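Fold and geometry: a report
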Amino acid sequence: MLSVLRDLLKYIRASGKYWLLPVILGLLALGGLLILGQSAAIAPFIYAIF
């Protein structure tokens, strides 16, 4: 997983497509929320955000 992120960052740096960084960070944040939403204690707080 880390090698994929490392290669993706190398690609962004080499090609100059810096607009991809917010997209990637947003997807990672959404994935983290989905993982945290699996636990019953945190779920009501995440549902309140959306």
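Summarised in this report is the structure supplied together with it. Residue numbering note: each chain is counted from 1, following its sequence as written. Local features in a predicted model are, by the rule used here, given only for residues with pLDDT of at least 70; side-chain atom pairs are given and counted only at 80 or more, and totals for whole chains, interfaces and linings are based on all residues. Computation of side-chain values covers all heavy atoms of the structure but excludes hydrogens and water.

To continue, consider the overall build of the chain. To qualify as a helix, a DSSP run of H or I must reach at least 4 residues; to qualify as a strand, a run of E must reach at least 2; elements of each kind are numbered from the N terminus. Check the secondary structure of the chain and you find three helices and zero strands. Compactness check: the chain gives a C-alpha radius of gyration of 15 Å against a globular reference of 10 Å for 50 residues, more than 25% above the reference. For the chain, the C-alpha atoms occupy an extent of roughly 40 × 20 × 5 Å along the three principal directions. In this scheme, a residue with accessible area under 20% of its type's maximum is buried, one over 50% is exposed, and one in between is partly exposed, where area comes from a 1.4 Å probe on protein chains only. A total of 50 residues make up the chain; the buried ones form 10% of that total. Total accessible area on the chain stands at roughly 4300 Å², and carbon and sulfur atoms take up 75% of it. The globule rule used for comparison is 2.2 Å times the number of residues to the exponent 0.38, while the radius of gyration itself is calculated over C-alpha atoms. Calculation of accessible area relied on Shrake-Rupley with a 1.4 Å probe; when residues are assessed, cover is drawn exclusively from the protein chains displayed.

Attention now goes to helix 1 (residues 2-15). Here helix 1 spans 20 Å end to end across 14 residues, near enough to the 20 Å set by a 1.5 Å rise per residue. In the segment just after helix 1, Gly-16 is the residue with positive phi, at about 80 degrees. Multiply 1.5 Å by the residue count of a helix minus one, and that product is the helix's expected span.

This part is about the environment of Ile-24. Secondary-structure assignment places Ile-24 in helix 2 (residues 20-36). Residue class for Ile-24 comes out buried when judged on its relative accessible area of 18%. Between the alpha carbons of Ile-24 and Leu-9 there is a distance of 10.0 Å; along the sequence they are 15 residues apart. Working rule for contacts: check all heavy atoms of both residues, and any pair within 4.5 Å makes them a contact. Ignoring anything within four residues of it in the chain, the contact list for Ile-24 reads Leu-8 and Ile-12.

Helices that pack against each other are described as a pair by the angle of their axes relative to one another and the distance between those axes. Here, axes are lines fitted to C-alpha atoms. For helices the fit covers the stretch in contact, and angles between N-to-C directions go from 0 to 180 degrees. Remark: helix 1 packs on helix 2, axes separated minimally by 11 Å, with the N-to-C direction vectors making an angle of 160 degrees. On the basis of their axis angle, the class for helix 1 and helix 2 is roughly antiparallel. Viewed along their axes, helix 1 and helix 2 form a crossing whose handedness is left-handed. Counted together, Leu-8, Leu-9, Tyr-11 and Ile-12 of helix 1 and Leu-20, Leu-21 and Ile-24 of helix 2 form the full contact between these two elements. Looking at the contact of helix 1 with helix 2 residue by residue, the classes come out as seven nonpolar, no polar and no charged. When an angle is under 35 degrees it counts as roughly parallel; over 145 it counts as roughly antiparallel; between 65 and 115 it counts as roughly perpendicular; any other value is oblique. Here a crossing is called left-handed whenever its near helix is offset anticlockwise from the far helix by less than a right angle, and right-handed whenever the offset is clockwise. For this classification, the nonpolar set comprises Ala, Val, Leu, Ile, Met, Phe, Trp, Tyr, Cys and Pro, the charged set comprises Asp, Glu, Lys and Arg, and every other residue, Gly included, is treated as polar.

Next up on the list: the environment of Gly-16. Positionally, Gly-16 belongs in the loop between helix 1 and helix 2. A C-alpha to C-alpha distance of 15 Å links Gly-16 and Arg-6, two positions ten residues apart in sequence.

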